[in-house]
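The residues making up each chain are set out below.
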Amino acid sequence: MANSHHSHDDSSHGSFKSYMVGFVLSIILTAIPFGLVMFPTISKVATLWVVLIFAVVQVLVHLVYFLHLDRSVAQRNNVITFAFASLVILLLVGLSVWIMFSIHTVMMAK
C-alpha cells in the first residue's frame, strides 16, 4: 500500500499563467453577453445567438484551461469519454423535447 499514491506530474496541470488566461477569458465571455442583455443594443434574436455562441466558447475555455482536456495522447481517453457523454446527453435531451413537442401537437389537434 505504500506505493498506492500517484505521483503528481506537473505536465498534466496548468501553470498560474494558463489559469489566469482561462479566468480572464471566462470573465470576458461572461461580461459581454451580460452587457448585451442589460443594455440591449441589438435585436433580441441577435442577442440570443450571441449569448449561445459565447456560452459554447466558454464551455470550451473551461474544458481546455481548467479541466486540461486537449488533443494530447495522455488526454485521449478523457476526450473520448467527454464526447460520448455529451452525445448521450444531447440525444436524451433532444429526443425528450421532440417527444414532448409531438405529444403536445397531437393533443392540441383534437
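Everything below is about the structure shown above.
Residues numbered from 1 in each chain as written. Predicted model: local features only at pLDDT ≥ 70, side-chain atom pairs only at ≥ 80, totals over all residues. Heavy atoms only, no water.

Some thoughts on the overall build of the protein chain
In step 1: If you tally the helices and strands in the protein chain, you get 3 helices and 0 strands.
In step 2: For the protein chain, the N- to C-terminal ordering of α and β elements is α-α-α.
In step 3: By the burial criterion, 12% of the 110 residues in the protein chain qualify as buried.
In step 4: Across the protein chain, the fraction of contacts at a sequence separation of at least 24, relative to all contacts at a separation of at least 6, is 57%.
In step 5: Entry remark: accessible area of the protein chain is about 9,400 Å², with carbon and sulfur atoms responsible for 76%. (Helix = DSSP H or I, 4+ residues; strand = E, 2+ residues; numbered from the N terminus. Buried < 20%, exposed > 50% of the residue type's maximum accessible area, 1.4 Å probe, protein only. Contact = heavy atoms within 4.5 Å. Areas by Shrake-Rupley, 256 points an atom, 1.4 Å probe, with all protein chains shown as cover.)

What about the packing of aromatic side chains?
In step 1: All chains considered together, the criterion is met by 1 aromatic pair.
In step 2: Consider the rings of tyrosine 19 and phenylalanine 66, whose centres lie 6.2 Å apart with planes at 20 degrees: the pair is stacked. Of this pair, tyrosine 19 sits in helix H1 (residues 16-38) while phenylalanine 66 is found in the loop between helix H2 (44-65) and helix H3 (76-108), placing the two residues 47 residues apart along the sequence. (Phe/Tyr/Trp six-rings, centres within 6.5 Å; stacked < 30°, edge-to-face > 60°.)

Quick look at the packing of H1 against H2
In step 1: The contact between H1 and H2 brings their axes to 10 Å, and the two run at 170 degrees. When the interaxial angle is binned, H1 and H2 end up roughly antiparallel. For the pair H1 and H2, the sense of crossing is left-handed. The residues of H2 that touch H1, namely those facing Ser18, Tyr19, Val21, Gly22, Leu25, Ser26, Leu29, Thr30, Ile32, Pro33, Leu36 and Val37, are Thr47, Val50, Val51, Phe54, Val57, Gln58, Val61, His62 and Tyr65.
In step 2: Taken together, the residues of the contact of H1 with H2 break down into 14 nonpolar, 7 polar and no charged. (Axes fitted to C-alpha atoms, helices over the stretch in contact; angles between N-to-C directions. Parallel < 35°, antiparallel > 145°, perpendicular 65-115°, else oblique. Left-handed = near helix turned anticlockwise from the far one by under 90°. Nonpolar A, V, L, I, M, F, W, Y, C, P; charged D, E, K, R; others polar.)

Regarding unusual backbone geometry
In step 1: The backbone of histidine 68 shows a phi angle near 60 degrees, a positive value even though the residue is not glycine.
In step 2: Tracing the chain through its elements places histidine 68 in the loop between H2 and H3.

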